[in-house]
There are 2 protein chains.
Amino acid sequence: MDRPEPTAQRRTRLTPEREGELYGAVLEILREVGYDALTMDAVAARTRSSKATLYRQWRGKPELVASALRHQKPVEVSAIDTGTVRGDLQAMLCVADDAQMEKDAALMRGLGHAVHTNPDLRRALRELLIEPELEGLHAMMRRGVERGEIAADNPALDYVGHMMIGAFVTRPLIEGRTPDCVYLADYIDAVMVPALGL
Amino acid sequence: MDRPEPTAQRRTRLTPEREGELYGAVLEILREVGYDALTMDAVAARTRSSKATLYRQWRGKPELVASALRHQKPVEVSAIDTGTVRGDLQAMLCVADDAQMEKDAALMRGLGHAVHTNPDLRRALRELLIEPELEGLHAMMRRGVERGEIAADNPALDYVGHMMIGAFVTRPLIEGRTPDCVYLADYIDAVMVPALGL
């Protein structure tokens, strides 16, 4: 499926380094004060850029935040192809170390309320973060079906995203702990591997 | 495991009807304004009771809200025992109709931010809602192991709560839809039944 290029790549005259700095500042502010209190003014001030520059690159705050979140992801799911579904799933996870996961959890707390109440942010997160991730997962699954690892009519194929994202969001709720690499690897083997019949 | 009786049953001189009215008002206010803006004053005013009465029954706002959420649950998981694990899991879900699920989703939106930022609310929700639910799920699983339906060392036993709660929280994120009865029943058959080897 064709995906449009991210806004920043279409219109930018920023260097990749400068873009990285801007995104870093956005995530820093997000962790500190949360989404609602984050302003374009604060981003402009911390990065010593003008608001006009920011609005030339990103339509608004939801797009800037979603792009920053996407930028910090250490790996594109679509780039993973280990030759087995289990290998692909494990490769998705363990690129991030536990310190990074802890920072991610702080980000999610910073976004918590706004995700529920702000449709623009939800749309931007879905377009820029969730859908590319799901698209990558579904491509993994298609390859697994083509290789004969997964039955084409396995009903768990409809829930690959639910299982994967569910593993992340439920650990803090149930265990009061951040999902780390060991936990996620164990969850994949205990839940996803048997559900997919691998 | 012995669980202490809920505070309201230990100290109350309220009738069950009056208690139900109070809880109903709390949930109504929660859906309207969210957790942060809900005050004991507002609950007292809407239910024509005194704040002293409220504080005699519940330690504070987190306990009152968690008790109200628990009270509206249509069924105690611990009361379910259909004779099979799959039957028990399905029986947990389909007691609530879709209109109730939609109202529950509105409640969760009302709680969204506060759950992330308020440790007292998180503790109260864990003690009064999540732990009894998990305890009930684990009792189901123990019976399944005793009947020989599930291998005692099945690694998915550690993730029953993650799978179940994950099904609820991920559907809005991934599909932008409220989890309904048909979806949850399908998820159980597609994910939990094979993971548990039923």
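What you see is a predicted model, and the numbers here were worked out from it, not measured in a lab. (Residues numbered from 1 in each chain as written. Chains lettered and ligands numbered in written order. Predicted model: local features only at pLDDT ≥ 70, side-chain atom pairs only at ≥ 80, totals over all residues. Heavy atoms only, no water.)

**Observations concerning the overall build of chain A**
The condition that has to hold: Secondary structure counts use DSSP, requiring at least four H or I residues in a row for a helix and at least two E residues in a row for a strand, with both numbered from the N terminus. Only protein chains enter the accessibility calculation, which uses a 1.4 Å probe. A residue is then buried if its area is under 20% of the maximum for its type, exposed if over 50%, and partly exposed in between. Every residue pair with non-hydrogen atoms within 4.5 Å of one another is taken to be in contact. Calculation of accessible area relied on Shrake-Rupley with a 1.4 Å probe; when residues are assessed, cover is drawn exclusively from the protein chains displayed.
Helix and strand counts for chain A stand at 10 helices and 0 strands. Ordered by position in the sequence, the α and β elements of chain A form the string α-α-α-α-α-α-α-α-α-α. Within chain A, buried positions represent 48% of all 198 residues. Within chain A, contacts between residues at least 6 apart in sequence are counted, and of these 68% link residues at least 24 apart. Summed over its atoms, the accessible surface of chain A is roughly 9,500 Å², and 52% of this surface lies on carbon and sulfur atoms.

**With respect to the relation of the copies chain B and chain A**
In plain terms, the rule: Superposing copies: least-squares fit, C-alpha atoms only, residues required to have pLDDT of at least 70 in both.
Expressed as a screw operation, the relation of chain B to chain A combines 0.1 Å of axial shift with a rotation of 180°, fitting to an RMSD of 0.1 Å. Within this description, the copies of the chain are treated as partners about a two-fold rotation axis. Interface overlap between copies is the fraction of interface residues in one copy that are interface residues in the other; for chain B against chain A it reaches 100%, indicating a shared surface.

**As for the domain arrangement of chain A**
All names here are of chain A. Keep this limit in mind: Where each domain begins and ends follows an automated or database-derived domain assignment. The term buried area denotes the loss of accessible surface (1.4 Å probe radius) that occurs when two parts are joined, taken as the sum for both partners.
Per the domain assignment, the segments of chain A are domain 1 (16-70) and domain 2 (76-196). Each of domain 1 and domain 2 has a C-alpha centre, and the two are 25 Å apart. Contact residues are listed per partner, giving 14 residues for domain 1 and 17 residues for domain 2. A combined buried area of about 1,400 Å² lies between domain 1 and domain 2, and 69% of that area is made up of carbon and sulfur atoms.

**A word on helix 2 (residues 16-33) of chain B**
All names here are of chain B. Our working rule: To estimate the expected span of a helix, subtract one from its residue number and multiply by 1.5 Å.
Over its 18 residues, helix 2 extends 26 Å from the first C-alpha to the last, a length consistent with the 26 Å expected when each residue adds 1.5 Å. Here helix 2 has its buried residues at E19, L22, Y23, A25, V26, L27, I29 and L30. Immediately downstream of helix 2, the backbone of G34 shows phi near 85°, a positive value.

**Some remarks on unusual backbone geometry**
Residue and element names in this part refer to chain A. For R48, which is not glycine, the phi torsion reads 50° and is therefore positive. Its place among the elements puts R48 in the loop between helix 3 (40-46) and helix 4 (51-57). The exposure class assigned to R48 is exposed, which follows from its relative accessible area of 78%.

**Quick notes on the environment of R86 of chain A**
Residue and element names in this part refer to chain A. Among the secondary structure elements, R86 is positioned in helix 6 (residues 85-93). Residue R86 is classed as partly exposed on the basis of its relative accessible area of 40%. Counting along the chain gives 107 residues from R86 to V193, while the straight-line C-alpha distance between them is 7.0 Å. Residues contacting R86, with those up to four places away along its chain left out, are D189, V193 and L198.

**Quick word on the interface of chain B and chain A**
For clarity, the cut-off: Under the rule applied, a polar contact is a pair of N or O atoms within 3.5 Å (in protein, one hydrogen donor and one hydrogen acceptor; residues adjacent in sequence only if both atoms are side-chain atoms). When residues are sorted by character, Ala, Val, Leu, Ile, Met, Phe, Trp, Tyr, Cys and Pro go into the nonpolar class, Asp, Glu, Lys and Arg into the charged class, and all the rest, Gly among them, into the polar class.
Across the boundary between the two partners, chain B contributes 30 residues, which contact 31 residues of chain A. For the chain B and chain A pair, buried surface summed over both sides reaches about 2,700 Å², with 68% attributable to carbon and sulfur atoms. On the chain B side of the contact with chain A, Y159, H162 and I174 of chain B bury the most area, a combined 25% of that side's loss. At the boundary of chain B and chain A, one finds 4 residue pairs in polar contact (both at pLDDT 80 or more). Secondary structure elements with two or more residues in the side of chain B that touches chain A: helix 7 (98-117), helix 8 (119-146), helix 9 (160-175) and helix 10 (181-195) of chain B. Taken together, the residues of the side of chain B that touches chain A sort by class into 17 nonpolar, 8 polar and 5 charged.

**Looking at the packing of aromatic side chains**
Stated formally: The pairing test for Phe, Tyr and Trp rings, Trp by its six-membered ring, is centres within 6.5 Å, and the orientation test on the planes gives stacked under 30 degrees, edge-to-face over 60, and tilted for anything in between. Cation placement over rings: the criterion is NZ of Lys or CZ of Arg within 6 Å of the ring centroid and within 35° of the ring normal.
On inspection of all chains with the given rule, the structure shows 8 aromatic pairs over all chains. Consider the rings of Y183 of chain A and Y159 of chain B, whose centres lie 5.9 Å apart with planes at 65°: the pair is edge-to-face. Taken as a pair, Y183 of chain A in helix 10 (residues 181-195) and Y159 of chain B in the loop between helix 8 and helix 9 lie in two separate chains rather than in one. Each member of the pair, Y183 of chain A as well as Y159 of chain B, carries the same accessibility label: buried. An aromatic cluster is present here, built from Y159 of chain A together with Y183 and Y187 of chain B joined pairwise through their rings. When the ring centre of Y35 of chain A is taken as reference, the NZ or CZ atom of K61 of chain A above it lies at 4.4 Å.

**Thoughts on the packing of helix 6 of chain A against helix 8 (residues 119-146) of chain A**
Residues and elements named next belong to chain A. Short version of the rule: Angular values range over 0 to 180 degrees, each being the angle between N-to-C directions of two axes fitted as lines to C-alpha atoms, with helices fitted over their stretch in contact. Here is the rule for angles: anything less than 35 degrees is roughly parallel, anything more than 145 is roughly antiparallel, 65 through 115 is roughly perpendicular, and the remaining ranges are oblique. Put simply, a crossing is left-handed when the front helix is turned counterclockwise from the back one by less than a right angle, and right-handed when it is turned clockwise.
Taken N-terminus to C-terminus, the directions of helix 6 and helix 8 make an angle of 160°; their axes are 9 Å apart at the nearest point. On the basis of their axis angle, the class for helix 6 and helix 8 is roughly antiparallel. When you trace helix 6 past helix 8, the crossing you get is right-handed. Here V85, D88, L89 and M92 of helix 6 lie close against helix 8, whose contacting residues are E133, L137, M140, M141, R143 and G144. Its residues placed into classes, the contact of helix 6 with helix 8 shows 6 nonpolar, 1 polar and 3 charged.

**Considerations on the environment of T170 of chain A**
Tracing the backbone shows T170 of chain A in helix 9 (residues 160-175). For T170 of chain A, a relative accessible area of 0% gives the class buried.

**Focus on the pattern of salt bridges**
Residue and element names in this part refer to chain A. Note the following rule: Only one rule defines a salt bridge in this text: a Lys or Arg side-chain nitrogen within 4 Å of an Asp or Glu carboxyl oxygen.
Evaluated as defined, the whole model comprises 29 salt bridges over all chains. A salt bridge links R123 to E63, with the shortest nitrogen-to-oxygen separation between them at 3.0 Å. You can see R123 sitting in helix 8 and its partner E63 sitting in helix 5 (residues 61-71), a full 60 residues away along the chain.

**Describing the nonpolar core**
What counts is decided by this rule: Residue types Ala, Val, Leu, Ile, Met, Phe, Trp, Tyr and Cys, when buried and joined through side-chain atoms within 4.5 Å, form a set referred to as a nonpolar core.
Counting residues in each nonpolar core, the largest one holds 62 residues, and the members touching the most others are L89 and M141 of chain A together with L89 and M141 of chain B. Going through the elements one at a time, helix 6, helix 8, helix 9 and helix 10 of chain A together with helix 6 (85-93), helix 8, helix 9 and helix 10 of chain B are the ones with two or more residues in this core. For M141 of chain A, the residues in contact, after removing those within four places along its chain, are V85, L89, I150, L157, V160 and L196 of chain A. Core analysis: the second largest hydrophobic core is formed by 28 residues, L22, L38, L54 and L107 of chain B among them.

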